[in-house]
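Summary of the model geometry
In case you want the letters, here they are:
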Amino acid sequence: MSRISEKLKELKKKKKTALIPFITAGDPDLKTTKALVLEMERRGADIIELGVPFSDPIADGPTIQAAGIRAMKHKISLEDILKLVKDLRRKTEVPLVLMTYYNLFYNYGIERFAVQAKKSGVDGVIAADLPVEEASELKKYARKNNLDTIFLASPTSPPQRLKLIAKETRGFIYYVSLTGVTGVREELAEDLISSLKRLKRLTKKPIAVGFGISKPEHIRKIRRYADGAVVGSAIISVIEKNLKSKDLVKKVGNFVRRLAQACY
Amino acid sequence: MLPNRRGYFGEFGGRFVPETLMNALEELEQAYSSAKRDGRFQKELKYYLSQYAGRPTPLYFAQKLTKKLGGARIYLKREDLCHTGAHKINNTLGQGLLTKRMGKKRVIAETGAGQHGVATAVAAALLGLECEVYMGTEDIKRQSLNVFRMKLLGSKVIPVKSGFRTLKDAINEALRDWVTNIRITHYLLGSTVGPHPYPVMVRDFQSIIGKETKEQILKQEGRLPDYLVACVGGGSNSLGLFHPFYRDKRVKFIGVEAAGRGIKTGKHSSPLLAGSVGVLHGSESYLLQNKDGQIKETHSIAPGLDYPGVGPEHSFYKKIGRAKYVPITDKEALKAFLLLAQTEGITPALESAHALAYVVRLAPKLSKNKIIVINLSGRGDKDVHIVAEALGVRL
Ligand SMILES: Cc1ncc(COP(=O)(O)O)c(C=O)c1O
């Protein structure tokens, strides 16, 4: 069983929803990313998603776009991020997921990527612009290397697509909470809970909800219906506000702590 | 028959988009395939193309240009004479009618040169659709005339400040809008790029160019041409001309890419000549990227060619050798612009001037009984400011 599946199984027994923070690797630099991963784990993160910055992030709103621009100032590549993960693996066993756009994997070479990602200690991969229909190559090499391929499902996916996604995903289903791009939202989408209930009836695979999940109160509302909550832009906003502060890592940690407390 | 059911031309194409868009693309594919077979839809489109857009456009024998270059006989397919001044309207009327058929009330579009934006704004005004057009701030500066035209037509122009602030970034922003407003909005994409079914649908709507050309040349010359020449941005005017001749193997296709300041300088927009295969904006095709897979900045004097990607069908044509691709620099295009203005009294769009510039090189090398057809995809009024600046003239 993968690190991700094991973690989700263990949390399920404890009746806890997994807290899955997303940060952009290299924002503001790789050294800080490393410190952030370790701090977030210490403060209650269960699985961590690292965004690999891409020049054309079509599924991302302004906050994650800006994080990508800050990271790209150092010309950070997928290779650099694999090295970072390798380095992190000497200190932590927290499940790590890379999330980006398909061209970066494609350009690296899908087979080579799957092999190197596994070797470096990556547990799962997500390409935001890769629907299940186009994923045969990535699936093939990811399966060979015991790397989870996580697929997204959305409010516009009809039942037969949801079933297909549930069948093909590994680790968990990443349910996009709203029709839109990533970004902080005040309120959850109105139909979110009913959609999650419907999805639960279609599959036994764990479901993590992301896009727009921004505060502890949101997590409290969904935790009975979801196995995980992904929080990205809200955390990156804390980074953004504290770019000049020497307490950046601690402040992010404090926020993660508050989110984690909402998961029980 | 290409593309295959999943939208692949050989190994190029496909549908690489966020899950949120998948259902809408399937719906679009179905709506388009039923419209294609529906006589009433086709009749309505034909009506608007002829009575509103001014089709068929002439296939004009450029006698003076032919004489001046002293070789092959040169014909110009006059898409510049279409309503709004470019071929783009063939596609926007088609997709506009399709939008109504799907019961959607809002369209969004991206634009570089502003030609597709204007053509979308026109179709939206005509068909009673709400319209918002995304345009990079760099292009807003370069094509201010078209920006104002869109506003006059009742559309909203949304400035895009991200990335390199040109066409690529306008597409990114349009896609983000589409993901957000998918249920009420049709994305009226302007070229043969993007996820399936856009590359094939836009090509089909533009194929009227090649179909007319075939009839016209047979009437005027009694035979098919030897060369078809067109500029390649995303690929819609070129594929529109080429596609109806696909099986006529003796007709050679030449696609002209924008070489900007020269391919070697790195400041160009020539993915087929200097790029590598990757995935951008929903399809697998040639594109300009760095060694890490990040999309590179492009350059062309012609805003409509200033794009790092190209339609998957062109990548396929390149791979099987059906078309030949050649580079033309900013300078060569400018010279061709002036040449056509002064020999024939026609100011071409800077995009189309690229196609023309290659013919300036090609025609003299061919014998006088050869026939070349150039797709004059648009008129140059929108480019007068750019040309003036390049010539050092202050207006
Ligand atoms: C007049 C004209 N020609 C050509 C193009 C390039 O696009 P495509 O390759 O899709 O024909 C444009 C794009 O804006 C244009 O305005």
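Our subject is the structure that appears above.
Residues numbered from 1 in each chain as written. Chains lettered and ligands numbered in written order. Predicted model: local features only at pLDDT ≥ 70, side-chain atom pairs only at ≥ 80, totals over all residues. Heavy atoms only, no water.

**Brief notes about the overall build of chain A**
- Broken down by element type, chain A carries twelve helices and nine strands.
- For 264 residues, the compact-globule estimate of 2.2 N^0.38 gives 18 Å, and chain A sits close to it at 17 Å.
- Taken over the C-alpha atoms alone, chain A extends approximately 45 × 40 × 35 Å along its principal axes.
- A separation of at least 24 residues holds for 74% of the contacts in chain A among residues at least 6 apart in sequence.
- Here chain A has roughly 10,800 Å² of accessible surface; of this, 50% comes from carbon and sulfur atoms. (Helix = DSSP H or I, 4+ residues; strand = E, 2+ residues; numbered from the N terminus. Rg over C-alpha atoms; globule rule 2.2 N^0.38 Å. Contact = heavy atoms within 4.5 Å. Areas by Shrake-Rupley, 256 points an atom, 1.4 Å probe, with all protein chains shown as cover.)

**Things to note about the packing of helix α4 (residues 78-88) of chain A against helix α6 (residues 110-120) of chain A**
Residue and element names in this part refer to chain A.
- Between α4 and α6, whose axes approach to 8 Å, the crossing angle comes to 25°. The angle between α4 and α6 falls in the class roughly parallel. Contacts between α4 and α6 involve Leu78, Glu79, Leu82, Val85 and Lys86 from the first element and Arg112, Phe113, Gln116, Ala117 and Ser120 from the second.
- Across the contact of α4 with α6, the residue classes tally to five nonpolar, two polar and three charged. (Axes fitted to C-alpha atoms, helices over the stretch in contact; angles between N-to-C directions. Parallel < 35°, antiparallel > 145°, perpendicular 65-115°, else oblique. Nonpolar A, V, L, I, M, F, W, Y, C, P; charged D, E, K, R; others polar.)

**Observations concerning the site of the ligand**
Residues and elements named next belong to chain B.
- Around the ligand, a shell composed of 18 residues is seen, among which Ser191, Gly235, Ser236, Asn237 and Ser377 lie nearest.
- Measuring from an oxygen atom of the ligand, one finds a backbone N or O atom of Gly235 at 2.7 Å.
- One of the side-chain N or O atoms of Ser377 is found 2.7 Å from a nitrogen atom in the ligand.
- In the complex, 97% of the free accessible area of the ligand, which totals 390 Å², lies under the protein chains.
- A class-by-class count of the residues in the shell around the ligand yields five nonpolar, eleven polar and two charged. (Near = heavy atom within 4 Å. Polar contact = N/O pair within 3.5 Å; in protein donor to acceptor, adjacent residues only side chain to side chain.)

**Section: the sheet that holds strand β14 (residues 371-376) of chain B**
All names here are of chain B.
- Within the open sheet, the six strands sit side by side as β3-β4-β14-β9-β10-β13. Their pairing is mixed. Of all strands in the sheet, those with a lone pairing partner are β3 (59-61) and β13 (323-329), marking the two edges. Each neighbouring strand pair of the sheet contributes to a mean axis angle of 25°, computed without reference to strand direction.
- With three bridges connecting them, β3 and strand β4 (residues 73-78) associate as antiparallel partners. Bridging from a neighbouring strand, Phe61 pairs with Tyr75 of β4.
- Where helix α14 (residues 330-344) meets the sheet, it contacts β3, β4, β10 (252-260), β13 and β14, and its direction lies at approximately 90° from that of β13. (Pairing = 2+ DSSP bridges.)

**Some details on the interface of chain B and chain A**
- Contact residues are listed per partner, giving 35 residues for chain B and 35 residues for chain A.
- Of the roughly 2,900 Å² buried between chain B and chain A, counting both surfaces, carbon and sulfur atoms make up 47%.
- Looking only at chain B, the three residues that lose the most surface to chain A are Glu19, Arg176 and Gln294 of chain B, adding up to 24% of its buried area.
- For the pair chain B and chain A, the number of links is four salt bridges.
- In this structure, the salt-bridge partner of Asp56 of chain A is Lys168 of chain B, at a minimum N-O distance of 2.6 Å.
- Our count for the chain B to chain A interface comes out at 23 residue pairs in polar contact (both at pLDDT 80 or more).
- Going through the elements one at a time, α1 (19-37), α8 (167-181), β11 (276-280) and β12 (283-287) of chain B are the ones with two or more residues in the side of chain B that touches chain A.
- It is α8 of chain B that contributes the most residues to the side of chain B that touches chain A, seven residues altogether.
- Considering only residue class, the side of chain B that touches chain A consists of 13 nonpolar, eleven polar and eleven charged. (Buried area = accessible area lost by both parts, 1.4 Å probe. Salt bridge = Lys/Arg side-chain N within 4 Å of Asp/Glu carboxyl O.)

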